[in-house]
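# Understanding the architecture of this molecule
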Amino acid sequence: MNRREFLRTAGGAAGGTAAVSAGTSPAAAAEGGGGGGGEPDLGGYLDGANNYEGSVTDATGQDEVTVEVGAGSTGLAFGPAAVHVDNGATVVWEWTGRGGNHNVVSEDDVFNSGPAAPSGPFEYTFEEDGIYPYFCAPHKASGMLGVVVVGTDYPTVSTGGNAGPSDLPGSAKTLGVATMFVMFATLGMAYFFMKYGGDYGDFED
């Protein structure tokens, strides 16, 4: 093998490794989510919310779903706090009479039951997939928060809270290190051939 053949081969190997690394990273990231179903990322919106135990109640398959307004022992919660419904389903918020006057207000103004009142009900039919965080205006600071997850085409991104930077998958890190190693090795050998030139016995065909 002469100098030019070596440089061509080494360059192709480095490029191939880089391509594998670039091609693997998005695939590995896709395995961790990114929409189209899976566990929804509520973005920390319900952290500290009353009556929330860290999971979303599955109410898919139902045309109408009831959420209590004034749930829990203090009446300052929604029950369930997080619910997953189908696109086209109607959510009916029913007042329990506990906890004083309440209302239902979405963070993005998609729905609003009006001024806080001692009784309801209030209903809304969801016609677009997504994640809909909402609250009771008089008791928002007290943790009266809720979320409706609709359909399957919802983002797994923050809807509230402070999301930290996402970590790279381990496989992407490993391939990145391997790519850097091959690149440095190739540069080192290229420097050797350019500095000393010529063919050597160990590299002859």
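The following refers to the structure shown. (Residues numbered from 1 in each chain as written. Predicted model: local features only at pLDDT ≥ 70, side-chain atom pairs only at ≥ 80, totals over all residues. Heavy atoms only, no water.)

### Regarding the overall build of the protein chain
The helix and strand inventory of the protein chain stands at two helices and nine strands. Of the regular secondary structure in the protein chain, the N- to C-terminal order runs α-β-β-β-β-β-β-β-β-β-α. The 205 residues of the protein chain split such that 33% are buried. Sequence-distant contacts, at least 24 apart, represent 72% of the contacts inside the protein chain between residues at least 6 apart. (Helix = DSSP H or I, 4+ residues; strand = E, 2+ residues; numbered from the N terminus. Buried < 20%, exposed > 50% of the residue type's maximum accessible area, 1.4 Å probe, protein only. Contact = heavy atoms within 4.5 Å.)

### Structural notes on the sheet that holds strand β3 (residues 78–79)
Taking strand neighbours across the sheet as the criterion, the four strands line up as β3-β2-β5-β7 in an open arrangement whose pairing is mixed. In this open sheet, the two edge strands, each paired with only one partner strand, are β3 and β7 (122–125). (Pairing = 2+ DSSP bridges.)

### A few points about the environment of arginine 98
Checked against the element boundaries, arginine 98 lands in the loop between β5 (90–95) and β6 (105–106). By relative accessible area, arginine 98 is classed as partly exposed at 38%. Sequence separation of arginine 98 and threonine 74 is 24 residues, and the distance between their C-alpha atoms is 7.2 Å. Look past the residues within four positions of arginine 98 in its chain and what remains in contact with it is Glu68, Gly70, Ala71, Gly72 and Gly75.

### Structural notes on the packing of aromatic side chains
All chains considered together, the criterion is met by nine aromatic pairs. Centroid distance tryptophan 93 to phenylalanine 122: 5.6 Å. Interplanar angle 25°. Geometry classified as stacked. Of this pair, tryptophan 93 sits in strand β5 while phenylalanine 122 sits in strand β7; the two residues are 29 residues apart in sequence, bridging distant segments of the chain. What makes tryptophan 93 buried here is its relative accessible area of 0%. Take phenylalanine 122: its relative accessible area is 17%, and that puts it in the buried class. Here tyrosine 124 and phenylalanine 126 contribute two aromatic rings whose centre-to-centre distance is 4.9 Å and whose plane-to-plane angle is 75°, an arrangement assigned as edge-to-face. Overall, the relative accessible area of 24% leaves tyrosine 124 in the partly exposed class. (Phe/Tyr/Trp six-rings, centres within 6.5 Å; stacked < 30°, edge-to-face > 60°.)

### Brief notes about the pattern of salt bridges
Tallied over the full model, the rule gives one salt bridge. Of the charged contacts in the structure, one is a salt bridge between lysine 140 and glutamate 107, with a shortest N-O distance of 3.0 Å. On the criterion of sequence distance, the pair formed by lysine 140 in the loop between β8 (130–135) and β9 (145–150) and glutamate 107 in the loop between β6 and β7 is long-range, its members being 33 residues apart. (Salt bridge = Lys/Arg side-chain N within 4 Å of Asp/Glu carboxyl O.)

### A closer look at unusual backbone geometry
The omega angle of the peptide bond from glycine 79 to proline 80 is 0°, so this bond is cis rather than trans. Summarising the element assignment, proline 80 is placed in the loop between β3 and β4 (82–85). Located in the positive-phi region is asparagine 51, a residue other than glycine, with phi close to 70°. Following the sequence through the fold, asparagine 51 ends up in the loop between α1 (3–31) and β1 (57–58). Of note, the phi angle at aspartate 109 is positive, near 60°, even though the residue is not glycine. In this fold, aspartate 109 is placed in the loop between β6 and β7. A relative accessible area of 64% places aspartate 109 in the exposed class.

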